[in-house]
Amino acid sequence: MSTFQVILLWIVIIGVGLAAMYYWGSKLQKRYAEQQDLINQYKQPIQIFVIDKKKDKLENLKLPKQVKEQIPKNYKRRKMPVVIAKIGPQIQTLMCDENVYNSIPVKKQVKVELAGVFIVDVISGKLPEPEKVGFRQKMANKLQKEMDKEISTQKEDTPKKSKKKKKSDATETNE
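Residues numbered from 1 in each chain as written. Predicted model: local features only at pLDDT ≥ 70, side-chain atom pairs only at ≥ 80, totals over all residues. Heavy atoms only, no water.

### Observations concerning the overall build of the protein chain
Broken down by element type, the protein chain carries 6 helices and 5 strands. Of the regular secondary structure in the protein chain, the N- to C-terminal order runs α-β-α-α-β-β-α-β-β-α-α. Expressed as a percentage of its 175 residues, the buried residues of the protein chain come to 19%. In the protein chain, the proportion of contacts linking residues at least 24 apart, taken out of those at least 6 apart, comes to 56%. (Helix = DSSP H or I, 4+ residues; strand = E, 2+ residues; numbered from the N terminus. Buried < 20%, exposed > 50% of the residue type's maximum accessible area, 1.4 Å probe, protein only. Contact = heavy atoms within 4.5 Å.)

Listed below in structure tokens is the structure:
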């Protein structure tokens, strides 16, 4: 095979791969849009008391059998964010998205939008999300604190000059 044929073969393979990914992506996008429409249709605001929240595998959760059957196989092996909450007199296990999971406070009363056993959004009781500080920023903060301590110790060690000397020094330099 000549170099031209090898390059042409690679271009064809890459083109077919990109076309397949485009088709698969558009199919997933349509499915996601349908699911979001269904969730938005059935969501309702409810007041819940959050008892606990954790990430656990689907096998260990106390969810209805129908819900467990409807979850795709790839999600069954993953750890899912789950909230154990008291809704009225009942204690239920609710699933949620990662962003919602991070914003739900524990041991507090929260108003959420619920669609079946899925928490869509937190309406009230939301705590401000702390900003993640990267490794570089942590090291810069640590260095800044050390520098501040060093400067403050140097200021304490240096003897203070009287104001009269400073004024006389200033007059001498002016003349």
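### Description of the nonpolar core
If you look at the biggest cluster of nonpolar residues, it comprises 16 residues, and the most contacted ones within it are Ile48, Val83, Leu94, Ile104 and Ile119. Among the secondary structure elements, those contributing two or more residues to this core are β1 (44-57), β2 (79-87), β3 (90-96), α4 (98-103), β4 (109-115) and β5 (118-124). Apart from the residues lying within four places of it in its own chain, the contact partners of Leu94 are Ile48, Pro81, Val82, Val83, Ala85, Ile87, Leu114, Val117 and Ile119. Residues Leu58, Leu61, Leu63 and Ile71 belong to the second largest nonpolar core, which totals 8 residues. (Core = buried A, V, L, I, M, F, W, Y, C linked by side-chain atoms within 4.5 Å.)

### Regarding a nonpolar patch on the surface
A grouping of Met1, Val6, Leu9, Trp10, Ile13, Ile14, Leu18 and Met21 is seen on the molecular surface, where their side chains present a nonpolar patch of about 900 Å² in accessible area. In this fold, Leu9 is placed in helix α1 (residues 3-42). (Patch = residues over 30% accessible without salt bridge, like charges linked within 9 Å, V, L, I, M, F, W, Y side chains within 5 Å. Areas by Shrake-Rupley, 256 points an atom, 1.4 Å probe, with all protein chains shown as cover. Salt bridge = Lys/Arg side-chain N within 4 Å of Asp/Glu carboxyl O.)

### Some points on the side chain of Glu113
Within the secondary structure, Glu113 sits in strand β4. Since its relative accessible area comes to 19%, Glu113 is described here as buried. There is a polar contact of 3.3 Å between the side chain of Glu113 and the side chain of Lys43. Setting aside chain neighbours within four positions, we find Glu113 in contact with Lys43, Gln44, Pro45, Phe118, Ile119, Val120, Asp121 and Ile123. (Polar contact = N/O pair within 3.5 Å; in protein donor to acceptor, adjacent residues only side chain to side chain.)

### Side note on the side chain of Thr93
Relative to the assigned elements, Thr93 resides in strand β3. Classification of Thr93 by relative accessible area gives buried; the value is 14%. The residues touching Thr93, leaving out its near neighbours within four places in the chain, are Lys62, Leu63, Val82, Val83, Ile84 and Val117.

### So, the pairing of β4
Burial of β4 is extensive: 5 of the 7 residues sit out of reach of the surface. Relative to β5, β4 runs antiparallel, the two being bridged by 5 bridges. Residue Ala115 lies in a different strand from β5, and its bridge partner there is Phe118. From the end of β4 to the start of β5, which pair antiparallel, there are 2 residues, and Gly116 there has a positive phi angle of about 70 degrees. (Pairing = 2+ DSSP bridges.)

### Details of the packing of aromatic side chains
Aromatic rings in a pair are described by how distant their centres are and how their planes are angled relative to each other. Considering all chains together, one arrives at 0 aromatic pairs under this definition. Sitting over the face of the ring of Tyr101, Lys53 holds its NZ or CZ atom 4.8 Å from the ring centroid. (Phe/Tyr/Trp six-rings, centres within 6.5 Å; stacked < 30°, edge-to-face > 60°. Lys NZ or Arg CZ within 6 Å of the ring centre and 35° of its normal.)

### Things to note about the confidence of the model for the protein chain
When pLDDT is averaged along the protein chain, the result is 83; 85% of the residues meet or exceed 70. The secondary structure element of the protein chain with the lowest average pLDDT is helix α6 (residues 163-174), at 51, and the one with the highest is α1, at 93. (pLDDT = per-residue confidence, 0-100.)

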